[in-house]
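Commentary on secondary and tertiary structure
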Amino acid sequence: MSETKSPDSSTPAPKPTIAIPDTAHYRRETRLVHSGSLRSQYGETSEALFLTQGFVYDSAEQCEARFTGDDAGFQYSRFSNPTVFSFEQRMAEFEGAEAARATATGMAAVTAAMLAPLRAGDHVVASKAMFGSCRYVVEDLLPRYGIESTLVDGLDLDQWQQALRPNTKTFFLESPTNPTLDVLDIGAIAEIAHAGGARLVVDNVFATPIWQSPLALGADVVVYSATKHIDGQGRCLGGVVLSTQAFIEEHIQMYLRQTGPSLSPFNAWVLLKGLETLAVRVRAQTETAAAIADALAGHPKIPRLVYPGRADHPQAATVKKQMGAGSTLIGFEVAGGKAEAFRFLNALKLIRISNNLGDAKSLVTHPATTTHQRLKPEARAELGISEGFIRYSVGLEHKDDLIEDIVAALEKV
């Protein structure tokens with residue numbers, strides 16, 4: 001440990017002493033490449049990688065001033081680090097947030113955004129359709145600390161309204177949802193939350209920051225697993241929480257500082273490199289996903305296909321209202337249940353089986369036996385996660401090769 005006592009909760013986050021270029025006036029793709037860049041005295045082209053645990057001070061007085069917040073600068077990489085700070089700044093500028101804090105994983109970001117602002121006696125309302133680990137946080141973890149939760153059908157605005165209580169502090173949702181790609185009306189749900197004095201936290205992983213901006217739609221906090229599209233190349237883990245400066249300083253900064261789910265400087269550097277190509281990759285993956293969804297629609301061995309970019313998506317009007325384009329993911333059901341779904345997965349040659357998503361390589365997942373296996377069968381059925389349902393994360397391969405691989409595998413079913 002680097003300090004002898006816990007700093008006061010009002011201690012501000014460390015700030016760099018190196019000048020950061022003003023890029024706010026540039027378009028979003030340009031900000032993905034240049035925002036938050038910190039250059040050392042050597043004038044490097046790529047962002048510098050500050051692989052250090054701690055920092056030294058010119059004097060004991062300066063050290064004291066760093067810990068009181070009277071002297072801007074870094075203290076310890078568990079609190080902040082120049083490379084991590086650069087990633088946070090770039091994400092904040094791109095997302096349109098006042099501030100951001102990076103975490104070691106996406107689930108660390110979700111947990112921080114949910115747990116840090118809450119106290120015993122508070123109440124959370126969340127959509128039933130969400131990643132299994134997120135559901136664990138809401139259903140299992142928060143109640144251990146005296147925080148109650150209610151799960152609702154996220155598509156039913158009346159259920160959000162009816163679930164509100166005087167002690168409701170947080171709404172939580174994913175949109176599109178994992179894995180069934182339901183698209184929830186973020187703006188309408190934000191209005192309900194705010195009318196009841198609650199904040200809305202949105203997990204925006206499936207939409208990516210390229211196609212959806214929850215803060216602009218009314219959300220208060222956005223979280224990402226940066227492991228997914230932001231890295232997008234299977235290299236590292238990471239997460240980020242984005243919100244107002246007040247929310248980050250009051251709730252997130254001290255929580256991360258004292259509990260330690262810190263993003264490593266190396267992973268932050270990798271994620272910075274990932275942001276440079278994020279727009280190019282996501283646009284290409286989305287274009288391919290749309291082509292594959294069209295090619296698979298109506299296939300006799302696929303009784304159900306869900307893709308947010310298609311006119312037959314159940315929430316097509318909401319997609320058009322709040323998303324710039326469809327997702328990089330497709331959901332579809334293979335006829336014949338688990339046995340035939342497994343037969344299909346095992347017959348794939350190019351597309352690989354994995355529980356990850358948002359990668360340059362195409363990946364398929366059987367949610368009922370992986371990401372959502374801890375749910376009871378009736379809970380999975382309620383969410384539309386059948387034994388034959390497949391979550392397909394489209395990569396950067398040529399669309400014709402992917403379509404041929406899927407069609408050939410379906411012939412084995």
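Our subject is the structure listed above.
First, a word on scope: everything that follows refers to the structure included in this document. (Residues numbered from 1 in each chain as written. Predicted model: local features only at pLDDT ≥ 70, side-chain atom pairs only at ≥ 80, totals over all residues. Heavy atoms only, no water.)

1. Re the sheet that holds strand β1 (residues 99-103)
Spatially, seven strands are ordered β1-β7-β6-β5-β4-β2-β3 in an open sheet, and the strand pairing comes out mixed. Only two strands of the sheet have a single partner each, and these edge strands are β1 and β3 (148-152). Each neighbouring strand pair of the sheet contributes to a mean axis angle of 20°, computed without reference to strand direction. Direction of pairing for strand β6 (residues 221-225) relative to strand β7 (residues 239-243): antiparallel, over a ladder of four bridges. (Pairing = 2+ DSSP bridges. Helix = DSSP H or I, 4+ residues; strand = E, 2+ residues; numbered from the N terminus. Axes fitted to C-alpha atoms, helices over the stretch in contact; angles between N-to-C directions.)

2. What about the pairing of β1?
Burial runs high along β1: five of the five residues are buried. With burial as the criterion, each face of β1 is covered, one bearing Ala99, Arg101 and Thr103 and the other bearing Ala100 and Ala102. Note that β1 and β7 share five bridges and pair antiparallel. By the bridge assignment, Arg101 is partnered in β7 with Val241. (Buried < 20%, exposed > 50% of the residue type's maximum accessible area, 1.4 Å probe, protein only.)

3. Topic: the nonpolar core
Ranked by size, the top nonpolar core spans 33 residues in total, and within it Phe87, Met91, Ile210, Tyr224, Ile230 and Leu242 carry the most contacts. Secondary structure elements with two or more residues in this core: α3 (82-95), β1, α8 (208-211), β6, β7 and α12 (265-296). Counting residues per element, this core draws most heavily on α12, which supplies eight residues. The residues contacting Met91, other than those within four sequence positions of it, are Tyr224, Ile230, Val240, Leu242 and Leu275. (Core = buried A, V, L, I, M, F, W, Y, C linked by side-chain atoms within 4.5 Å. Contact = heavy atoms within 4.5 Å.)

4. Considering the pairing of β7
Put simply, side chains in a regular strand alternate between the two faces of the sheet. For β7, the buried fraction is high: five of the five residues fall into the buried class. Neither face of β7 is left uncovered, since the one carrying Gly239, Val241 and Ser243 and the one carrying Val240 and Leu242 both have all their residues buried.

5. Quick notes on the environment of Pro314
With respect to the secondary-structure elements, Pro314 resides in the loop between β8 (304-306) and α13 (316-322). Assessed through its relative accessible area of 62%, Pro314 is described here as exposed.

6. Quick look at the packing of aromatic side chains
Scanning the model with the defined rule gives seven aromatic pairs in all. The interplanar angle of 75° and the centroid separation of 6.4 Å between the aromatic rings of Phe74 and Phe85 together place this pair among those described as edge-to-face. In this pair, Phe74 sits in the loop between α2 (60-68) and α3 while Phe85 sits in helix α3, placing the two residues 11 residues apart along the sequence. Across the pair, Phe85 and Phe74 agree in class, each one buried. An angle of 70° between the planes, with centres 5.7 Å apart, marks the rings of Tyr76 and Phe79 as edge-to-face. Every member of this aromatic cluster is reached through a ring pair, and the members are Phe55, Phe74 and Phe85. The positively charged end of Arg28 is found above the aromatic ring belonging to Phe94, 4.0 Å away from the centroid. One Lys or Arg, Arg257, reaches over the ring of Phe79 and ends 3.8 Å from the middle of that ring. (Phe/Tyr/Trp six-rings, centres within 6.5 Å; stacked < 30°, edge-to-face > 60°. Lys NZ or Arg CZ within 6 Å of the ring centre and 35° of its normal.)

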